Amino acid sequence: MRELLLFNTLTRKKEVFIPIESGKVRMYCCGPTVYNYQHIGNLRTFFFEDILRRVLEINGYAVTHVLNITDVGHLISDEDEGDDKMELGAKRENKSVWEIAEYYTNVFKKDLERMHILPATHNPKATSYIHQQIAMVRCLEELGYTYVTGDGVYFDTSKFTGYGKLARLDIEGLEAGERVEFSVEKKNKTDFALWKFSPKDSQRQMEWESPWGKGFPGWHIECSAMSKALLGNNFDIHCGGVDHIPVHHTNEIAQSEACNREKFVNYWLHGEFLLETDGKMSKSKGEFLTLQYLMDKGFHPMHYRYFLMNTHYRKKLNFSFEALDGARTSFERLKNRILTLKDNEKERKVDNSNIEKYLSSFFSKINDDLNVTEALALLWEMLKDNALNPVEKIEIAFEMDKVFGFGLKDIEHEDEVLDVPDEVMQIAGQRMEAKNQQDYKKADDLRNQLSAMGWKVIDTKDGFKLEKL
Ligand code: AMP
Ligand code: ZN
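As a starting point, this report considers the structure included with it.

Conventions used here
Residues numbered from 1 in each chain as written. Chains lettered and ligands numbered in written order. Predicted model: local features only at pLDDT ≥ 70, side-chain atom pairs only at ≥ 80, totals over all residues. Heavy atoms only, no water. Pairing = 2+ DSSP bridges. Helix = DSSP H or I, 4+ residues; strand = E, 2+ residues; numbered from the N terminus. Axes fitted to C-alpha atoms, helices over the stretch in contact; angles between N-to-C directions. Contact = heavy atoms within 4.5 Å. Expected span 1.5 Å × (residues − 1). Buried < 20%, exposed > 50% of the residue type's maximum accessible area, 1.4 Å probe, protein only. Polar contact = N/O pair within 3.5 Å; in protein donor to acceptor, adjacent residues only side chain to side chain. Disulfide = S-S within 2.5 Å. Phe/Tyr/Trp six-rings, centres within 6.5 Å; stacked < 30°, edge-to-face > 60°. Lys NZ or Arg CZ within 6 Å of the ring centre and 35° of its normal.

Time to look at the sheet that holds strand β3 (residues 24–29). The four strands are arranged β4-β3-β9-β10 in an open sheet whose pairing can be described as parallel. Each edge of the open sheet is held by one strand with a lone partner, namely β4 (62–67) and β10 (265–271). The average angle at which neighbouring strand axes cross in this sheet is 20°, direction not considered. Two strands pair when backbone bridges link them, and β3 and strand β9 (residues 235–241) are joined in this way by three bridges, in the parallel orientation. Within β9, the position partnered with C29 by the bridge is C239. Helix-sheet contacts for helix α1 (residues 40–58) involve β3, β4, β9 and β10, and the interaxial angle to β9 is about 155°.

Another point: helix α13 (residues 390–404). In this model α13 runs 20 Å from its N-terminal to its C-terminal C-alpha over 15 residues, within 8% of the 21 Å that 1.5 Å per residue would give. Judged by how many residues are buried, α13 sits mostly within the fold: 12 of 15 residues are covered. Those residues of α13 that are buried are in contact with α1, α9 (301–309), α10 (321–343), α11 (352–366) and α12 (372–383). Regarding α13, its N-cap is N389, as a side-chain oxygen of that residue lies 3.0 Å from the backbone nitrogen of V391 further along. Phi turns positive one or two residues past the end of α13, at G405, with a value near 70°.

The next thing to look at is the state of the cysteines. In total, this model carries one disulfide according to the counting rule given. With a sulfur-sulfur separation of 2.2 Å, C139 is cross-linked through a disulfide to C259. Measuring the twist about the S-S bond at about 115°, one finds the C139-C259 disulfide to be right-handed. Here the residue C139 occupies a position in helix α4 (residues 130–142), and C259 occupies one in helix α7 (residues 245–260), the gap between them amounting to 120 residues. Here C239 is not cross-linked by a disulfide; its sulfur's nearest cysteine counterpart is in C29, at 3.9 Å.

A separate point is the packing of aromatic side chains. Counted according to the given criterion, the structure contains 26 aromatic pairs. On the basis of an interplanar angle of 20° and a centroid distance of 6.1 Å, the ring pair of Y147 and Y154 is categorised as stacked. With a relative accessible area of 9%, Y147 lands in the buried category. Here the aromatic rings of F235 and F264 are separated by 5.3 Å at their centres, their planes lie at 85°, and the arrangement is edge-to-face. Taken together, the residues F235 in strand β9 and F264 in the loop between α7 and β10 connect sequence positions 29 residues apart. The two residues F235 and F264 agree in class, both being buried. Ring pairs connect the aromatic residues Y293, F299, Y304, F307, F319 and F321, which therefore count as one cluster. Here K187 stacks its cationic end above the ring of Y147, 4.5 Å away from the centre of that ring. Note that R314 overlies the ring of F7, its terminal NZ or CZ placed 3.9 Å from the centroid.

Put into structure tokens, the structure is as follows:
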């Protein structure tokens, strides 16, 4: 196997990846809380995990990939207070919690498919693993790590040596500085809920019996219990967004290592955030960007994938429609190159040393902590290299695309997006928006405007496409 370097948050260093079991990788990624749509920031994290998965696979590893679905217990605040996001979502939409969980899970899976994010081996739902979560809380109780308050069972973080090592938390500083902020019943600021009791004055839609009373699991325990059930006590890789480092992943480590008395995860990888012009993209702001919104504006999910490829996963990335436009242009150019090469793919001799040269350079980039940005630049360099014939170029491009995931093999002429003027694209996007808002009169007017400009708009399952009249 080739050497693969990954940046481990635990050590803050790039490390040579060595799997627990030769040739195999067990990896757990924290999934969505299905109370609302995932925004394009969330999708950046799942995209980064997809690149990781593809890089592992092209290196010859068989990957068992778990991506969980949080359908209970994620509270509004990281302090174990406030409402359950799922119950709030159900109230907002006047539906049952189970209905909104199902709806948003389906939309999420559809978005992953549109983004060419490979489906995980397992998508466990927190509500299907209640029994395992209760068993883990019992295990922690038996080992003396828990205490019970008026509202739940808590993990006593002062009992776990090395608490906060992932985030390098200054526990003493936290204790001294912020004592006033936390619930009086918590013994330490960093203690967190393992099991929450149902409120006495209102009925929850999701609640279960437990040895401590009727209630529901804390958010962190689901990942510890489900990863243990599906991947074992000690596994190779755990991922998520950077926001998970100080609380969620820190608490997963404490629970899992305290109960299993084994090292939990060998490599922790975290993706940086996608930012909006006014800061962090977040669902609590109300309005947020979804993949569907980009598609309604006339972008293809691959334009967004290409846009994400331009920045390393450990760097912050600012979203803008101008930058997405740029990605669209580059991606359409790439598609056209590939189509032209396919047309010219006559029988010609392949010089393996040409192919080897590019692929070995490609591996050195992707195996250096997933540097797809440089790998993409290499793809372009290769496509412009006059020393290669079309057959060689196609072969190299298709091999590289196993990591890029653009689906270059499947590109066909009828898919070709023409060089559509910005103004036409804008009007077509406005028409799609009008249609979505059921303003058919406006949609028709805009269609007529497009015809007058010489363009025909055709609805497709992913949005629309344009043809010259
Ligand atoms: P959630 O549904 O809020 O639990 O988030 C799902 C995933 O998206 C988690 O791994 C988060 O860390 C990640 N995430 C949340 N916001 C962003 C953002 N703005 N950019 C990138 N990843 C994010
Ligand atoms: Zn998790």
